[in-house]
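Residue strings, one per chain:
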There are 2 protein chains.
Amino acid sequence: MIELTRRSALAGAAMTTMAAAGGGLAPEWARAAAAPAAAQAPGFYRYKVGSIEITVITDGANRLPVTDEFVLNAKKEEVNAALAEAFMEPGVFVGPYNPIVINTGAKLALVDTGTGEAAYKASKGQTGQFLANLAAAGIDANAIDTVIISHYHGDHINGLLKADNSLTFPNAEILVPAAEHAYWTNESEMSRAATKRIADNFKNVQRVISGEVLKRLRTYEADKEVISGVTAVSTPGHTPGHTSHVVASGNAKVYVQADVTHAPFLFVRHPGWHAFYDHEPVQAEATRRKVYDMLAAERMRVQGFHYPFPAIAHIEKTATGYRELPVAWSPVI
Amino acid sequence: MIELTRRSALAGAAMTTMAAAGGGLAPEWARAAAAPAAAQAPGFYRYKVGSIEITVITDGANRLPVTDEFVLNAKKEEVNAALAEAFMEPGVFVGPYNPIVINTGAKLALVDTGTGEAAYKASKGQTGQFLANLAAAGIDANAIDTVIISHYHGDHINGLLKADNSLTFPNAEILVPAAEHAYWTNESEMSRAATKRIADNFKNVQRVISGEVLKRLRTYEADKEVISGVTAVSTPGHTPGHTSHVVASGNAKVYVQADVTHAPFLFVRHPGWHAFYDHEPVQAEATRRKVYDMLAAERMRVQGFHYPFPAIAHIEKTATGYRELPVAWSPVI
């Protein structure tokens, strides 16, 4: 108690000193505040699936105005109401991009590439962040030995090329879904493109899937291991050959869904909504419901390319659809 | 079409080459995978509240076994059922610690300190991560000019001292809630401590709130600005003088709740549960319901010391309590 008494007396003395300094004057040891950092933390996050190490690397997020054409079977007002329910800014769809690196111990594989180095400048830093975040994660692009592509949309393949059109991953084999490759390299399909957006995508595929990329390219089939520990699953609709991947090791699994849904706060909660970028919306919805029923029933983690970083969640079924529960960030792996 | 044809032919050639390499053999450019990184990303995250910049700095997370004594008015089985609903590991309560740095432009203030440098070794790196993550965020501990304390539990004050008992923030004024300081430095309150845990906390306060800390200490009152832009709000129950803080700039606000709830996946969803560490559980519950009704009604962001990093969420009211919706990680600030 003597100790406590002495301490209390000291406390009183300290407060008297402070009061004497008083009148809002800063004490002598106070300094002017630092300049704002004005830069976000590097966007990478690691977790294990059994003995496999996954590193999520964000490429940034795009901002898209919400129009009546954004969801084909829902009005702008309904979409904005859903954004409000999710506490997101109304009128703007913020769409994140999250490629992942899978270290199996035998392979260092990247699943999807993000929007590409050139996008960084074009978007004023909103997207095209992948290479900076990959470097922050201590991963050398030259060490990536496998790139696994889910489908041939630009935000998944454009990162195969750097801004100068050289290979981003010069030592990587590029594994692509056979059905997806067949569709987007088929001349008669190209001539039948239903919309300008699809025609433009054919052109972008021509641009990216060519030259050195093509030399390193190999197609893979669904229901088989793409690399040991990573199995391809056919999830068509978003594109004709759209493919997801199950990473498994021991008893652990994660479902790497690519674009089975886009951002969850709209399209997991409203699985019946047809986003403008789904190639075959009815098939996409059927795939979505089948996958999400399975995720909810099996309590399987999902890694969503367009989920907010770090883009890992569990799924629960609701009266009207599904709901994502982001996995709690673990400060250790 | 000529371009496409040539490209298709090249694709064919590439696949033939791959087939020839076949039999599962790696192509010549493939390499052995890198060693696993086995380390988590630095745990810091930035966002703005009007012109104020906040940096959340994680101190790590503690793992506590779930016993019948963990929640006073719920059985272990009920707690484990709630953990299962939140897709958390059963039998283990993972409790994160997330101090924040507030850069107002005039002040560089830290709200709560985490478990302290000594905890890093003692916990084998699970906690005590604050200083490493602060450095990763580019913030010099010597540049912190103000430390604002919410209450006198060890995970909020122990970080005032380094492992060698020197000051962690030697240039900071230490601002503490007057009611909290009065309670924990009152000898007769100490003699009446109802449990060993509370008696131990009195001793820990004696250890930490002494010497050089006491010389830099000043008390503050509720309902007043602690520093410009940061207003103290009395939220008693968790401890007698437990205090929260509202950070406001322009039209933007965030409610920095300290321990109004502990981890949301249990105590936001079950606001009636009395955790063993609430000093006055009935008062703590009343405070919790009042604050969370307000957060839901005003759609105000909450920064929760014990929320999973980065520990920012919105709150919705449910039939049985509340639910937290983590704010989507923004790759830019």
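Residues numbered from 1 in each chain as written. Chains lettered and ligands numbered in written order. Predicted model: local features only at pLDDT ≥ 70, side-chain atom pairs only at ≥ 80, totals over all residues.

Novice: Give me the lowdown on the overall build of chain A, citing residues and values where you can.
Specialist: Across its full length, chain A holds 11 helices and 16 strands. Once the C-alpha set of chain A is aligned to its principal axes, its extents read approximately 90 × 45 × 45 Å. With 333 residues in all, chain A has 48% of them scored as buried. Of the contacts formed within chain A by residues at least 6 apart in sequence, a portion of 67% connects residues at least 24 apart. (Helix = DSSP H or I, 4+ residues; strand = E, 2+ residues; numbered from the N terminus. Buried ≥ 20, exposed ≤ 12 C-beta atoms within 10 Å, placed from the backbone. Contact = placed C-beta atoms within 7 Å.)

Novice: Talk me through helix 8 (residues 196–208) of chain B; I want residue IDs and the actual numbers.
Specialist: Residues and elements named next belong to chain B. Spanning 13 residues, helix 8 covers 18 Å between terminal C-alpha atoms, matching the ideal 18 Å at 1.5 Å per step. Turning to helix 8, its buried residues number three or more, namely Asn201, Phe202, Val205 and Val208. In a view along the axis of helix 8, the buried residues occupy a sector of 135°, so they form one face of it. Exposed positions of helix 8 whose direction lies more than 90 degrees from the buried face are Lys196, Asp200 and Lys203. Structurally, helix 8 contributes buried residues whose contacts are with helix 5 (154–157), helix 6 (178–184), helix 7 (187–191) and helix 9 (211–215). (Expected span 1.5 Å × (residues − 1). Arc of directions from axis to C-beta.)

Novice: Talk me through the environment of Thr320 of chain A; I want residue IDs and the actual numbers.
Specialist: Residues and elements named next belong to chain A. In this fold, Thr320 is placed in the loop between strand 15 (312–317) and strand 16 (322–326). When the 10 C-beta atoms within 10 Å are taken as the criterion, Thr320 is described as exposed. The spatial distance from the C-alpha of Thr320 to the C-alpha of Gly272 is 9.3 Å, given a sequence separation of 48 residues.

Novice: Could you give an account of the nonpolar core, naming the residues involved and the relevant values?
Specialist: In this structure, Ile102, Val147 and Ile174 of chain A together with Ile102, Val147 and Ile174 of chain B are the most contacted members of the largest nonpolar core, which totals 161 residues. Beyond its immediate stretch of four places on either side in the chain, Ile102 of chain A contacts Ile52, Ile54, Ala109, Val111, Val230 and Val247 of chain A. (Core = buried A, V, L, I, M, F, W, Y, C linked by C-beta atoms within 7 Å.)

Novice: Which residues make up the pairing of strand 1 (residues 44–49) of chain B, and what values do they have?
Specialist: Residue and element names in this part refer to chain B. The element strand 1 is largely enclosed, with a buried count of 5 among its 6 residues. Pairing of strand 1 with strand 2 (residues 52–57) involves 6 bridges; the strand directions are antiparallel. Note on strand 2: the bridge partner recorded for Phe44 is Ile57. Between the end of strand 1 and the start of strand 2, which pair antiparallel, lie 2 residues, with Gly50 showing a positive phi angle near 60°. (Pairing = 2+ DSSP bridges.)

Novice: Report on the sheet that holds strand 1 (residues 44–49) of chain A, specifying residues and quantitative values.
Specialist: All names here are of chain A. Read from one edge to the other, the open sheet built from 7 strands follows the order 1-2-5-6-7-8-9, with strand pairing classed as mixed. Both edges of this open sheet fall to strand 1 and strand 9 (217–220), since each of them pairs with a single strand only. Strand-to-strand twist of the sheet, defined as the mean angle between neighbouring strand axes without regard to direction, takes the value 25°. (Axes fitted to C-alpha atoms, helices over the stretch in contact; angles between N-to-C directions.)

Novice: I'd like to hear about the sheet that holds strand 2 of chain B, residue by residue, with values.
Specialist: All names here are of chain B. Taking strand neighbours across the sheet as the criterion, the 7 strands line up as 1-2-5-6-7-8-9 in an open arrangement whose pairing is mixed. The open sheet is flanked by strand 1 and strand 9 (217–220), the only strands paired with a single partner. In this sheet, neighbouring strand axes are inclined to one another by 25° on average, regardless of whether the strands run parallel or antiparallel. Here strand 8 (residues 173–177) pairs with strand 9 via 4 bridges, running parallel. Residue pairing across strands places Leu175 opposite Arg218, the latter belonging to strand 9.

Novice: Describe the pairing of strand 8 (residues 173–177) of chain A, and please don't skip the residues or the numbers.
Specialist: Every other side chain in a regular strand lies on the same face of the sheet, so the side chains alternate between the two faces. Residue and element names in this part refer to chain A. In terms of residue burial, strand 8 counts as a mostly covered element, since 5 of its 5 residues are buried. Strand direction decides the pairing type here: strand 7 (residues 146–148) and strand 8, joined by 3 bridges, are parallel. When the bridges of strand 8 are listed, Thr146 appears paired with Glu173.

Novice: Hey, could you go over the environment of Asp200 of chain B for me, with residue numbers and the actual values?
Specialist: All names here are of chain B. In this structure, Asp200 sits in helix 8. Residue class for Asp200 comes out exposed when judged on the 12 C-beta atoms lying within 10 Å of it. C-alpha of Asp200 to C-alpha of Met190: the two residues are 10 residues apart in sequence and 9.7 Å apart in space.

Novice: Help me get a handle on unusual backbone geometry, residues and values and all.
Specialist: Residue Pro310 of chain A follows Phe309 of chain A across a cis peptide bond; omega there is 0°. Counting through the fold element by element, Pro310 of chain A comes out in the loop between strand 14 (301–304) and strand 15. We note that Ala38 of chain B has phi near 60°; this positive angle belongs to a residue other than glycine. Mapped onto the fold, Ala38 of chain B is located in the loop between helix 1 (2–21) and strand 1. Positive phi, normally seen in glycine, also occurs at Asp223 of chain B, with a value near 65°. As for its position among the elements, Asp223 of chain B is in the loop between strand 9 and strand 10 (225–227).

Novice: Give a description of the confidence of the model for chain A that names residues and reports values.
Specialist: Of the residues in chain A, 90% reach a pLDDT of 70 or more, and the chain-wide mean stands at 92. Here the prediction assigns the complex a pTM of 0.90, and the interface score ipTM is 0.90. (pLDDT = per-residue confidence, 0-100.)

Novice: Can you break down the environment of Phe276 of chain A residue by residue, with the values?
Specialist: Residues and elements named next belong to chain A. Within the secondary structure layout, Phe276 lies in the loop between helix 10 (264–267) and helix 11 (281–298). The exposure class of Phe276 is partly exposed, given the 13 C-beta atoms found within 10 Å. Separated by 190 residues in the primary sequence, Phe276 and Ala86 have C-alpha atoms spaced 21 Å apart. Excluding its chain neighbours within four sequence positions, the residues that come into contact with Phe276 are Glu69, Phe70 and Leu72.

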